[in-house]
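Now for the letters of each chain:
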Protein chains: 2
Amino acid sequence: MKRYVYAFGGGTADGDATMKEILGGKGANLAEMARLGLPVPPGFTISAEVCRFYYENDRTYPGELWEQVDSALAALEEKTGKRFGDPERPLLLSVRSGAAVSMPGMMDTVLNLGLNREVAEAMARSSGNERFVWDLYRRLVNMFGDVVMGVQHPFFETEIEKAKREAGVEADTDLTAEHLKALTERYLEVYRDHTGEEFPEDPREQLRRAIDAVFGSWRTERAVKYRQIHRITGLLGTAVNVQTMVYGNLGENSGTGVAFTRDPATGENVFYGEFLMNAQGEDVVAGIRTPLPIGELGRILPECHARLLEIREILEKHYRDVQDLEFTIEEGTLYILQTRTGKRTALASVNIAVDMVSEGMIDRKTAVRRVSPDQLNDLLHPMFDPRAERHPIARGLAASPGAAVGTVVFDAAEAEERARQGDSVILVRQETSPEDIGGMNAAAGILTSRGGMTSHAAVVARGMGKPCVAGCADLQVDAETRTATVAGEPEPLVEGEWISIDGTTGEVMRGRLPTIAPRLGGKVDTLLSWADDFRRLGIRTNADTPEDARRAREFGAEGIGLCRTEHMFFGEDRIPAVRAMILADDEAGRRRALEELLPMQRSDFEGIFTAMDGLPVTIRLLDPPLHEFLPLEEEQQREMAEKLSISVERVREKVEALKEFNPMLGHRGCRLGITYPEIYEMQVRAIGEAARNVLRRGVSVYPEIMIPLVGTAEELRVLRELTERVMQRVFETEGIVDYLVGTMIEVPRAALTAGEIARHADFFSFGTNDLTQMTFGYSRDDAGVFLPAYVEQKILPADPFVTLDRDGVGLLVRAGVKKGREARPGLKVGICGEHGGDPASIAFCHEAELDYVSCSPYRVPIARLAAAQAALGED
Amino acid sequence: MKRYVYAFGGGTADGDATMKEILGGKGANLAEMARLGLPVPPGFTISAEVCRFYYENDRTYPGELWEQVDSALAALEEKTGKRFGDPERPLLLSVRSGAAVSMPGMMDTVLNLGLNREVAEAMARSSGNERFVWDLYRRLVNMFGDVVMGVQHPFFETEIEKAKREAGVEADTDLTAEHLKALTERYLEVYRDHTGEEFPEDPREQLRRAIDAVFGSWRTERAVKYRQIHRITGLLGTAVNVQTMVYGNLGENSGTGVAFTRDPATGENVFYGEFLMNAQGEDVVAGIRTPLPIGELGRILPECHARLLEIREILEKHYRDVQDLEFTIEEGTLYILQTRTGKRTALASVNIAVDMVSEGMIDRKTAVRRVSPDQLNDLLHPMFDPRAERHPIARGLAASPGAAVGTVVFDAAEAEERARQGDSVILVRQETSPEDIGGMNAAAGILTSRGGMTSHAAVVARGMGKPCVAGCADLQVDAETRTATVAGEPEPLVEGEWISIDGTTGEVMRGRLPTIAPRLGGKVDTLLSWADDFRRLGIRTNADTPEDARRAREFGAEGIGLCRTEHMFFGEDRIPAVRAMILADDEAGRRRALEELLPMQRSDFEGIFTAMDGLPVTIRLLDPPLHEFLPLEEEQQREMAEKLSISVERVREKVEALKEFNPMLGHRGCRLGITYPEIYEMQVRAIGEAARNVLRRGVSVYPEIMIPLVGTAEELRVLRELTERVMQRVFETEGIVDYLVGTMIEVPRAALTAGEIARHADFFSFGTNDLTQMTFGYSRDDAGVFLPAYVEQKILPADPFVTLDRDGVGLLVRAGVKKGREARPGLKVGICGEHGGDPASIAFCHEAELDYVSCSPYRVPIARLAAAQAALGED
């Protein structure tokens, strides 16, 4: 006969901690604690397999179930010396749900099962605590009515309020036994009125219906929704725990509390918790009385306190992790009701992991596995004080983490101006463009009403480590009137108003929320250095400036995986030459303008090479379409015309001529290099000359020249030839620097024909932003309109711009790696899309046998940890 | 010893017609004719392998070459009884290039080699025709100087003009022997002045240098360019033909001519050609004297004529195809100088192929192979009279074939207005948009300054079978002033001016060129019906209206592969409802507007189903982004606001809100169906109700509902469910119509995950336009800026929007077919991109085992033929 029911208590148990799948987390740990000899109130767990059976068989139960429940109940009666429904020695039970993964939203708890009028009256007589018994009974009717039968709680609440008014008392506790007995009668009436039937007096029927209610609650809308949101899949269902009741409210030597084996906020190795004497668990939660810190228990009930400390030791040693436990003291006897892994802050997480290694409790691998990479983020960015109340007026995408507070500005120049005056500003725009870089850099945070996780604003903000809320659709920005209306808010946001934005949650608040500074410490470094020992993936960074490069290096970057040269083109001192180049009528004119740019690009590269002394630097040649460098607004066009001494019509004509329907798929990347080779020639020359110059100063320099947007092998062949020709000329006179020439794989066709392309490439770097755009046919700037709905409706498991799509884009990456390495064994392969900083995507990169990932500086620590976990995942 | 030299003549030859690769086309056919016993002037051919050796070995020759030439020359002297350089019995030779593929642009011919002053004087004495000999000599000096030594022809021309002036004569033929002798001296001086050396008197040196010049000309810029343009690759090089001279200008019983074994214009089975008595080949070409029709030869030289007719029979029977031959009669003796497959018009091509089958000369397979599918195009569209002179002022892409003549109009409404008044108009625009459909339909032809082969203008024009020249970059259209400037033209094109555009060549001419009507006849049908017997691919059409459907059906379409429902949304009676739907604030508002559209869509489908009675109709649900339906111009926005009784600001806001950075990758296709299910619900309902209604009238209806732009299996699952739900409701009351639900595979990810997607699809249709855009990352509307350069520089072998890219896009198609059929055996798979009408792409579709191709109505016959050729290609 298949076993569906597992008993525990009295030093033994049918199950153990490994059986979470069928016993649920709570049941498995109760069994484990019973085996450890801990004082667990005895009981039994009904397997989650019953839940599966229930839904697979039209909400019916296996034939043997109730038989097994009955014999478990009989054994329990034996063990406790009490009997279920026996007025003389009544056994009272609780019923709780408990799945393998903790999950609010399901039916939770029914207490005091086994009471009925007869039992209650007998107990009231024999216990000498009549008030207590009627309180238990009225609570049973209330909970059973609410949870099992769906009689809403307020109906009961009304009655107790009425009772208190009639009795002329304020608190529930002031009600006497008589009052409570009468109240119980009223509750039974409420129950009858709303269910159309009498409250079940038969304890076994109470038990059955409570169990039934737990299984039935597995598929309520709330529960299903919760599992969807948290991506909980693959569970059998929930288990049901039936357990002997113990009471913390039986007098001054009774009590109840919760404790963590270490401080969950800081990770400090101290016993941390609180308790209330003469109280039930719900009283601790309700917050009406102020609980005492756990240390006080030593004063009140020193034996119980000592036993608790013992149990703390036993549990931590046994589970080798911080435990979050619940206990009840019934008339001086300590019971442990639950233990589970303790939730903790990022800081605590790191500290505990490192401490436990020095304490010899866990090894380094375990420590590295213990800390979630995404949590590390919290240590790198300021956050809002969690104690502060927040009233979000709008919510967008959590595009770049951290908290920012500042006054609203609507244009980039204004942001720079105000920042110069020492103001903290939030740049609020419909979307940002490369022209806004200065203002973005000056702002404390960025808020946009359009664009997705990889929109310009989001990408640049992450690169800068600056909080950003993007694609906040409820916002309507009107840059002209310098206001932004917010759906549902009567007043628009106006320039100069204070707002607070949370790039970690996507929330936007009016006013100034208090923030707390990031905390980084030696233990993070320790943990990351262990991670470095385990990971196989290299970690590089995407950095366009010496400052970014230095910061990333401090965070542990082992090179630059993507240096975007176009960002250098936007500098105030360069943009006139860039525009002159674009407006030139012929190659000669373009070359003249490029000559002006050459020394500036060279000095950019010198700075970056110097910052990355000894490490490789991958430089991507010009990528964006040229129209991105021209001004769209009339005034700026006029200015530009004046500066270049040409007519404004000429400027306008050029802007018009360069306009593209789909710039993403337009004249950009290596297509520019093919049609205007002189641009790439200048850039390669600047790289070569910069390398030569810094080498002269003793810097070890490893340039890797990367050709973007290659779709055919021939493009790369032609541009590699150009690169080699220019480099040869540079190194003719002095100093030879070894360099590599490689390509981005970001066009689907490049992945498909990677074998051909690899013949001309020293390395591949997967540009998974663009690869995702083209593989899905999603413009990252436009997808904000439907992508959130897609994720919500589970059409996609996740935003593919955040977590690399294994099934589609991942196939192309794997094919690209395979074909590339077949054609050129040992080909170096990395990734430089935004996915390089996402833990799930990093795990994929590890599996796909990439050599490195490259991410924004602030995600380097996260990537180090994620890469280690990916490697350890294979053990 | 390797053979480099192959002799022919006197009834035998070392080579034959199969040896084109090494002997070139001309040489192989000379050998073949010699073997057939035809009167070929004897000679020898130097193998193209020598050409390869020459370029692989730094422009040197194999050691044995000159030895072999010498002995071939000796044998030739033996055969002719003459000797090279012998003043008494001089052998005169011609040297001609000849590769395996006919190819202008290389060095062509040097005649009369073997002459020098000594030989000339001796010949002048012995022949009794002094004038003739000096004429030969001066021609040799001219040709040798020009072709071998690069002395430009005008230098010689100046001298002959001077000579004529001095002699007081008008025509070359009026110059006497004396004049010509003196002229020869002058030519020798010109030669000396320009080359710095004497004209080589040694005949063997003349021969060597002429041979050398032929090999050297293989890699001249012109020749290389020609091969690039015509995609001629894989050749060894050119062969060199050295042949005994014969002369058609030795008197009144000499002559020369060209002939086709059948009429190359009509294909009629008559001997067709022309000749000149007492003339050389070049005189026929030069067009100074008017040649006589070949029949006249029977009167002048009946024996030669009879022999020629015999030879016609022999050649056609032997080659089993029309031959284009050159002949010379030297003093009553007929010589055949060349034969090759005769070029012919489309009409001739079809007629000859069909005739030859009935004559038993070739089988049906051969006939089907003989006609080039692209040529068929000419039979379906009017063309300009080839005799008319054309002076193109600009050239764009040959986007939709045919000739159109009309007056220039710059906007669509104007085009409709003028057309209503009976004018023939050419719609000239920067580019067209869906709003222009009415005007495009009204115009005789369309000319755009931007956009590629699959731009809106091009696609729609091909669908309408209307001539279109697209992406004409020399044109600058100014719609406001209603003029268009043309690069290089002093006067702009103005509204109302007559122009002629050739969609077959891409040329634009001022004024009205005469056109000739298309000719379709029974023989085309015969040929196509044979093709139908051989092809395995089904042929469907892309059609959006009953008229298109009917036309395509007449052309042999076996169903509709793509019916674009959005084209129906643009009708004047529908667009207000469409716009109301877009502007609605909520689902209820959208549903109200959709209710209005429902009866119109239903009647559209009824029309199409009826036109395609008995054949399947694949209907694609709404695909384009909604902003395409909103007007961009202020005036139209105002009109729209009035019609909908809302503020113009509201309209503007919506237009602004729907704007996309990359509409191609935006909120369109099934993404609309997911976010606004009510739109697809209305369309499905219209399809279902239309099907039910026509069924009631006895029409056999096979609807196939196609969901566009699917990228994930889940999208299709959800929308299939929607479709089935709506259909169930429609068929609840009466009539059940079987229908299929399938999807476009046009997003790379769809091809990559085709296995998953196939689980919800009854069919796949590859949308290779979008698939090409996304796989390459090319926006078809923007790629015009670099794509021509890419094709020219051979970075791409062809425009991938014209011919399907086998290496990249093709891989995805193959993967999609494989994965799809693995998951669902027997899955129906087709293609409905523009490639469905391109012969090379059709061959690919055949290989990839697709079930059908779908193309615009006018390409259906072409597709039928191409599909047959693809199938025959596998024999």
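Residues numbered from 1 in each chain as written. Chains lettered and ligands numbered in written order. Predicted model: local features only at pLDDT ≥ 70, side-chain atom pairs only at ≥ 80, totals over all residues. Heavy atoms only, no water.

A.B. asks: Which residues make up the overall build of chain A, and what values do they have?
C.D. replies: Of regular secondary structure, chain A possesses 35 helices and 32 strands. By its C-alpha atoms, chain A is 105 × 60 × 55 Å across when sized along the principal axes. Here chain A holds 875 residues, and the buried ones make up 59% of them. Between the mean site of the 102 positive side-chain charges and the mean site of the 137 negative ones, chain A shows a separation of 4 Å. (Helix = DSSP H or I, 4+ residues; strand = E, 2+ residues; numbered from the N terminus. Buried < 20%, exposed > 50% of the residue type's maximum accessible area, 1.4 Å probe, protein only. Lys, Arg positive; Asp, Glu negative; His and termini not counted. Charge placed at Lys NZ, Arg CZ, Asp CG, Glu CD.)

A.B. asks: Lay out the packing of aromatic side chains with the relevant residues and their values.
C.D. replies: Residues and elements named next belong to chain B. Overall, the coordinates contain 41 aromatic pairs over all chains when judged by the stated rule. Consider the rings of Tyr61 and Phe215, whose centres lie 5.8 Å apart with planes at 50°: the pair is tilted. Placement of Tyr61 in the loop between helix 2 (48–56) and helix 3 (65–80) and of Phe215 in helix 8 (residues 203–217) is noted, with a sequence separation of 154 residues between them. Pairing Phe260 with Tyr272 gives two aromatic rings, centres 6.5 Å apart and planes at 65°, and the pair type is edge-to-face. Taken as a pair, Phe260 in strand 7 (residues 255–260) and Tyr272 in strand 8 (residues 272–277) lie far apart in primary sequence, 12 residues in all. Here Phe260 falls in the buried class, since its relative accessible area comes to 16%. Owing to a relative accessible area of 40%, Tyr272 belongs among the partly exposed residues under this scheme. In this structure, Arg227 is placed above the aromatic ring of Trp218, and the distance from its NZ or CZ to the ring centre is 3.6 Å. (Phe/Tyr/Trp six-rings, centres within 6.5 Å; stacked < 30°, edge-to-face > 60°. Lys NZ or Arg CZ within 6 Å of the ring centre and 35° of its normal.)

A.B. asks: Kindly report on the sheet that holds strand 23 (residues 507–510) of chain A, identifying the contributing residues and their values.
C.D. replies: All names here are of chain A. The 8 strands are arranged 13-23-22-15-16-17-18-14 in an open sheet whose pairing can be described as mixed. Of all strands in the sheet, those with a lone pairing partner are strand 13 (392–395) and strand 14 (397–400), marking the two edges. In this sheet, neighbouring strand axes are inclined to one another by 30° on average, regardless of whether the strands run parallel or antiparallel. Contacts between helix 16 (residues 412–420) and the sheet are confined to strand 15 (403–409) and strand 16 (425–429), with strand 16 contributing the most and set at about 175° to the helix. Sitting on the sheet, helix 18 (residues 456–464) touches strand 14, strand 17 (445–448) and strand 18 (468–470), and the angle it makes with strand 14 is about 45°. (Pairing = 2+ DSSP bridges. Axes fitted to C-alpha atoms, helices over the stretch in contact; angles between N-to-C directions. Contact = heavy atoms within 4.5 Å.)

A.B. asks: Help me get a handle on the interface of chain A and chain B, residues and values and all.
C.D. replies: Facing 46 residues of chain A, the contacting portion of chain B comprises 46 residues. Both sides of the chain A and chain B interface together cover about 4,200 Å² of buried area, and 60% of this is carbon and sulfur. Of all residues in chain A, Phe661(A), Leu665(A) and Arg749(A) bury the most surface against chain B, accounting for 16% of the area lost on that side. There are 2 salt bridges connecting chain A and chain B. A salt bridge links Arg749(A) to Asp805(B); the shortest N-O distance between them is 2.7 Å. Broken down by secondary-structure element, the contributors of at least two residues to the side of chain A that touches chain B are helix 26 (670–675), helix 28 (713–730), helix 29 (748–752), helix 31 (768–776), helix 32 (787–792) and helix 33 (809–823) of chain A. Per-element tally for the side of chain A that touches chain B: the top contributor is helix 26 of chain A, with 4 residues. By residue class, the composition of the side of chain A that touches chain B is 20 nonpolar, 11 polar and 15 charged. (Buried area = accessible area lost by both parts, 1.4 Å probe. Salt bridge = Lys/Arg side-chain N within 4 Å of Asp/Glu carboxyl O. Nonpolar A, V, L, I, M, F, W, Y, C, P; charged D, E, K, R; others polar.)

A.B. asks: Lay out the pairing of strand 1 (residues 5–9) of chain B in plain terms, naming residues and giving numbers.
C.D. replies: Every regular strand shows the same layout, with side chains that alternate between the two sheet faces. Within strand 1 of chain B, 4 of the 5 residues are buried, which leaves it mostly tucked inside the rest of the structure. Hairpin connection from strand 1 of chain B to strand 2 (residues 12–13) of chain B: 2 residues lie between these consecutive antiparallel strands, with Gly10(B) at a positive phi of about 70°.

A.B. asks: Explain helix 3 of chain B residue by residue, including any values.
C.D. replies: Residues and elements named next belong to chain B. With 16 residues, helix 3 should reach 22 Å at 1.5 Å per residue; the first-to-last C-alpha distance of 22 Å fits that figure. Taken together, the buried positions of helix 3 are Leu65, Trp66, Gln68, Val69, Ala72, Leu73, Leu76 and Glu77. Packed against the buried residues of helix 3 are strand 1, strand 3 (43–46), helix 2, strand 4 (93–99), helix 8 and strand 6 (238–244). In the stretch just after helix 3, Gly81 is the one whose phi turns positive, near 70°. (Expected span 1.5 Å × (residues − 1).)

A.B. asks: Can you explain the packing of helix 13 (residues 346–358) of chain B against helix 19 (residues 522–534) of chain B? Please cite residues and give values.
C.D. replies: Residue and element names in this part refer to chain B. Between helix 13 and helix 19, the least distance of the axes is 9 Å, while the angle of their chain directions is 70°. Our classification of the angle between helix 13 and helix 19 gives roughly perpendicular. When you trace helix 13 past helix 19, the crossing you get is left-handed. On helix 19, the residues that touch Val350, Asn351, Ala353, Val354, Asp355 and Val357 of helix 13 are Lys523, Val524, Thr526, Leu527 and Trp530. A class-by-class count of the residues in the contact of helix 13 with helix 19 yields 7 nonpolar, 2 polar and 2 charged. (Parallel < 35°, antiparallel > 145°, perpendicular 65-115°, else oblique. Left-handed = near helix turned anticlockwise from the far one by under 90°.)

A.B. asks: Describe the relation of the copies chain A and chain B, listing the residues and the values that go with them.
C.D. replies: For the pair chain A and chain B, the superposition axis carries a translation of 0.4 Å, the fit reaches an RMSD of 0.6 Å, and the rotation angle comes to 179°. In short, the pair behaves as if placed about a two-fold rotation axis. When the interface residues of chain A are mapped onto chain B, 100% of them again fall at the interface, so both copies present the same face. (Least-squares fit on C-alpha atoms with pLDDT ≥ 70 in both.)

A.B. asks: How would you summarise the environment of Glu714(A) if you had to cite specific residues and measurements?
C.D. replies: Within the secondary structure layout, Glu714(A) lies in helix 28. Residue classification places Glu714(A) among the partly exposed residues on the basis of a relative accessible area of 23%. If sequence neighbours within four positions are ignored, Glu714(A) has contacts with Lys794(B) and Ile795(B). A polar side-chain atom of Glu714(A) sits 2.7 Å from a polar atom in the side chain of Arg717(A). (Polar contact = N/O pair within 3.5 Å; in protein donor to acceptor, adjacent residues only side chain to side chain.)

A.B. asks: Describe the environment of Arg312(B), with residues and values.
C.D. replies: Residues and elements named next belong to chain B. Structurally, the position occupied by Arg312 is in helix 12 (residues 302–319). In this structure, the C-alpha to C-alpha distance between Arg312 and Lys794, residues 482 residues apart in sequence, is 42 Å. For Arg312, the contacting residues outside a window of four places in its chain are Thr261, Arg262, Asn269, Val270 and Phe271. A polar contact of 2.7 Å, which involves the side chain of Arg312, links it to the side chain of Asn269.

A.B. asks: Tell me about the side chain of Arg671(B), and please be specific about residues and values.
C.D. replies: By the secondary structure assignment, Arg671(B) is in helix 26 (residues 670–675). Only 2.8 Å separates the side chain of Arg671(B) from the backbone oxygen of Gly666(B), close enough to count as a polar contact. Those residues in contact with Arg671(B), other than ones at most four positions away along the chain, are Phe776(A), Gly777(A), Tyr778(A), Phe786(A), Tyr790(A), Leu665(B), Gly666(B), Leu709(B), Glu715(B) and Val747(B).

A.B. asks: An account of the sheet that holds strand 9 (residues 292–293) of chain B is needed here, citing residue identities and associated values.
C.D. replies: Residues and elements named next belong to chain B. One open sheet holds the 5 strands; their spatial order is 9-8-7-10-11, and the pairing between them is antiparallel. Among the strands making up the open sheet, the edge pair consists of strand 9 and strand 11 (333–341). Pairing of strand 8 with strand 9, which is carried by 2 bridges, proceeds in the antiparallel orientation. Within strand 9, the position partnered with Glu274 by the bridge is Pro293.

A.B. asks: Go over the pairing of strand 28 (residues 702–707) of chain A, please, and point to the residues and values.
C.D. replies: Residues and elements named next belong to chain A. Taken across its 6 residues, strand 28 has 5 buried, putting it largely inside the fold. Where strand 28 and strand 29 (residues 740–745) come together, 4 bridges link them in parallel fashion. Paired with Glu704 across the strands is Leu740, a residue of strand 29.

A.B. asks: Which residues make up the packing of helix 31 (residues 768–776) of chain B against helix 33 (residues 809–823) of chain B, and what values do they have?
C.D. replies: All names here are of chain B. Their axes nearest at 9 Å, the elements helix 31 and helix 33 cross at an angle of 120°. Relative to helix 33, helix 31 is oriented oblique. Like other packed secondary-structure pairs, helix 31 and helix 33 cross with a definite hand, here right-handed. Residues Thr768, Leu771, Thr772, Thr775 and Phe776 of helix 31 pack against Val809, Leu812 and Val813 of helix 33. Across the contact of helix 31 with helix 33, the residue classes tally to 5 nonpolar, 3 polar and no charged.

Function cannot be read off these values alone, since they describe shape.
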